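Coordinate analysis (summary)
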Amino acid sequence: CETCTKEEAKYRCPRCMKYSCSLLCVKKHKLALSCNGVRDKTAFISVNEFTDLNLLSDYRFLEDVGRTADAAARHCIVHSPATKRLLYCLRNKARGCNIELKTLPVGFTKRRENSTTFNFMENKFYWHLKLVFPHCHAEYTLKGVPDDKTLADILKPYIDPVESDPVVCQRLKVYTASPQSDVRILMKIENRSRNSVRYNELDASRSLLDNLKGKVIIEYPTLFVVLKTLKNDMVVLGQDGSEPAENSDSESSSLSSVEEGEIRDSS
């Protein structure tokens, strides 16, 4: 057993392939690794290991994708004038703030999750926001985050040694035990090929709106909170020595590559 290292393993997780001896150890490993225990149908398999069962699994996966896409195309919300007006309004208001907001078709995971709204009385965005802490394999989803709130205030309930929730603090102890000056907030640059992923570094002292200006956002922002000493494979644009920092004009391209990646992620 890879959890307790005492008993003989009886089970193997279909998702991460970890061996466990009991239901208790299965639950512990899922909690520690944020594993859902569901087999990854899109995981890479080398040609030497590819079998008829893998071929059948791929065939069924493509059938499921076809059924899902067909159901999404028939969904009443797709043709709802109110939905179209809402999305048009969000994109238009974002464009006025120098933010290129792109929305995905109905049926995509991020489209279903997104709860971003715009308050006309306050002239303010309330963003759906996802925080990713890669060093602890943790993710948190925030709803209704006002655009004038600073990133430092947004992160306080998570990584501040005094103000953070005790349970969250324990899970993110790598962050809370590190100096706040080592914390870096990154956002992935959209519309790049999968083999050249780059990130923009954000300013924690500035508001969410100021940090999003000049950026391309697919549905809602996803912020990666990393430590300077542990940030190894996340290349920040303008700091890798190969590419200069980009602005919003150089980030615009077709949405097809993003949609293709979203299909893999949502599946």
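Along every chain, residues carry numbers that run from 1 in the direction the sequence is written. At least 70 in pLDDT is required for a residue's local features to be given in this predicted model, at least 80 for side-chain atom pairs to be given and counted, and no such filter applies to totals for whole chains, interfaces and linings, which use all residues. Values reported for side chains reflect all heavy atoms of the structure, with hydrogen atoms and water molecules removed beforehand.

- Under an unreviewed UniProt entry, the name given to the protein chain is Box C/D snoRNA protein 1, and the organism recorded is Rhipidura dahli.
- Taken from UniProt, the Function (unreviewed entry) comment for the protein chain reads in full: "Required for box C/D snoRNAs accumulation involved in snoRNA processing, snoRNA transport to the nucleolus and ribosome biogenesis."
- UniProt positions are given in the numbering used here, feature names are shortened, and annotations may be inferred rather than shown by experiment. According to the UniProt record, the Sequence similarities (unreviewed entry) comment for the protein chain reads "Belongs to the BCD1 family."

1. Considerations on the UniProt feature "domain: HIT-type" (unreviewed entry) in the protein chain
- The feature "domain: HIT-type" (unreviewed entry), as annotated in UniProt, sits at residues 1–35 in this numbering.
- End C-alpha to end C-alpha, residues 1–35 measures 16 Å, and it is 31% helix and 11% strand. Counting from the N terminus, the helices are DSSP H or I runs at least four residues long and the strands are E runs at least two residues long.

2. Examining helix 5 (residues 151–159)
- Only protein chains enter the area calculation, which uses a 1.4 Å probe; residues under 20% of their type maximum are buried, those over 50% are exposed, and those in between are partly exposed. Those residues of helix 5 not exposed but buried are Leu151, Ile154, Leu155, Tyr158 and Ile159. Each buried residue of helix 5 sits inside an arc of 110° when the element is viewed along its axis, so together they form one side. An arc is given here, and it is the one of the directions from the helix axis to the C-beta atoms.

3. Comments concerning the nonpolar core
- Grouped together as the largest cluster of nonpolar side chains are 34 residues, with contacts concentrated most on Leu131, Phe133, Tyr158 and Leu172.
- Elements represented by at least two residues in this core include exactly helix 3 (81–96), strand 5 (124–133), strand 6 (138–146), helix 5, strand 7 (183–188), helix 8 (208–212) and strand 10 (222–227).
- Two residues qualify as a contact provided that any one of their heavy atoms is within 4.5 Å of a heavy atom in the partner residue. Contacts of Tyr158, omitting those with residues within four sequence positions, involve Leu131, Phe133, Tyr140, Leu142, Ser164, Val168, Leu172 and Thr176.
- Counting 6 residues, the second largest nonpolar core, distinct from the first, contains Val132, Leu186, Tyr199 and Val226. Definition used in this section: a nonpolar core is a set of buried Ala, Val, Leu, Ile, Met, Phe, Trp, Tyr and Cys residues joined via side-chain atoms within 4.5 Å.

4. Observations concerning the environment of Ala32
- Here Ala32 shows up in helix 1 (residues 23–33).
- Accessibility expressed as a relative area gives 52% for Ala32, which makes it exposed.
- Between the C-alpha atom of Ala32 and that of Cys136, which follows or precedes it by 104 residues, the distance is 8.9 Å.

5. Details of the side chain of Lys124
- The topology assignment puts Lys124 in strand 5.
- Polar contacts here mean pairs of N or O atoms no more than 3.5 Å apart (in protein, one a potential hydrogen donor and the other a potential acceptor; neighbouring residues in sequence count only if both atoms are side-chain atoms). Engagement of the side chain of Lys124 in a polar contact is seen with the side chain of Asp148, the distance being 3.3 Å.
- With residues up to four places along the chain from it excluded, the contact list for Lys124 reads Thr117, Phe118, Asn119, Pro146, Asp147 and Asp148.

6. Considering a nonpolar patch on the surface
- By definition, no residue in a patch forms a salt bridge, and every one has over 30% relative accessible area; like charges are joined within 9 Å, nonpolar side chains (Val, Leu, Ile, Met, Phe, Trp, Tyr) within 5 Å. Residue-level accessible areas treat just the shown protein chains as cover; the underlying method is Shrake-Rupley with a 1.4 Å probe. Should a side-chain nitrogen of Lys or Arg be within 4 Å of a carboxyl oxygen of Asp or Glu, the pair is scored as a salt bridge. Residues Ile45, Phe50 and Leu55 make up a contiguous nonpolar surface patch of roughly 250 Å² in combined accessible area.
- For Leu55, the position within the fold is in helix 2 (residues 52–74).

7. Considerations on the confidence of the model for the protein chain
- A residue-level look at the protein chain finds 81% of positions with pLDDT of 70 or above and a mean pLDDT of 80.
- The pLDDT score gives, residue by residue, the confidence of the prediction method on a 0 to 100 scale. The secondary structure element of the protein chain with the lowest average pLDDT is helix 9 (residues 256–266), at 41, and the one with the highest is strand 2 (residues 19–20), at 92.
- In the predicted structure, residues 245–267 sits below a pLDDT of 50 and forms 38 contacts with residues beyond four places in sequence or in another chain.

8. Focus on unusual backbone geometry
- The backbone of Ser34 shows a phi angle near 50°, a positive value even though the residue is not glycine.
- Considering the arrangement of structural elements, one finds Ser34 in the loop between helix 1 and helix 2.
- Using a relative accessible area of 40% as the deciding quantity, one classes Ser34 as partly exposed.

9. A closer look at the packing of aromatic side chains
- Between the rings of Phe, Tyr and Trp (Trp by its six-membered ring), a pair exists once the centres lie within 6.5 Å; its type follows the angle of the planes, with under 30 degrees stacked, over 60 edge-to-face, and the other angles tilted. With the rule as written, the count across this model stands at 8 aromatic pairs.
- Ring plane angle 35° and centroid distance 6.1 Å describe the contact between Phe133 and Tyr158, whose orientation is recorded as tilted. Placement of the pair is Phe133 in strand 5 and Tyr158 in helix 5, with a sequence separation of 25 residues.
- Under the relative-accessibility criterion, Tyr158 is labelled buried at 12%.
- A centroid spacing of 5.1 Å and a plane angle of 50° characterise the contact between Tyr140 and Tyr158, whose relative ring orientation is tilted. Here Tyr140, found in strand 6, pairs with Tyr158, found in helix 5; they are 18 residues apart in sequence, far enough to count as distant. There is no split in this pair, since Tyr140 and Tyr158 are both buried.
- Three or more aromatic residues joined by ring pairs make a cluster, and in this case those are Phe118, Phe120, Phe125 and Trp127.

10. Topic: the state of the cysteines
- Here, the term disulfide refers to a pair of cysteine sulfur atoms separated by no more than 2.5 Å. Per the counting criterion, the structure on display carries 0 disulfides.
- Between Cys4, a free cysteine, and Cys1, which holds the nearest cysteine sulfur, the sulfur-to-sulfur gap is 3.6 Å.
- Judged by its relative accessible area of 22%, Cys4 is partly exposed.

11. Description of the pattern of salt bridges
- As enumerated under the stated definition, the model contains 12 salt bridges in all.
- For Glu2, the salt bridge identified is with Lys18, shortest N-O distance 3.6 Å. Of this pair, Glu2 sits in the segment before strand 1 (11–12) while Lys18 sits in the loop between strand 1 and strand 2; the two residues are 16 residues apart in sequence, bridging distant segments of the chain.
- Look at Glu2 and you get partly exposed, because its relative accessible area is 44%.
- Lys18 gets classed as partly exposed once you look at its relative accessible area, which sits at 32%.
- Two residues, Lys124 and Asp148, come together in a salt bridge whose shortest N-O distance is 3.3 Å. Within this pair, whereas Lys124 is found in strand 5, its partner Asp148 is found in the loop between strand 6 and helix 5, the two being separated by 24 residues in sequence.
- Its relative accessible area of 17% is what places Lys124 among the buried residues.

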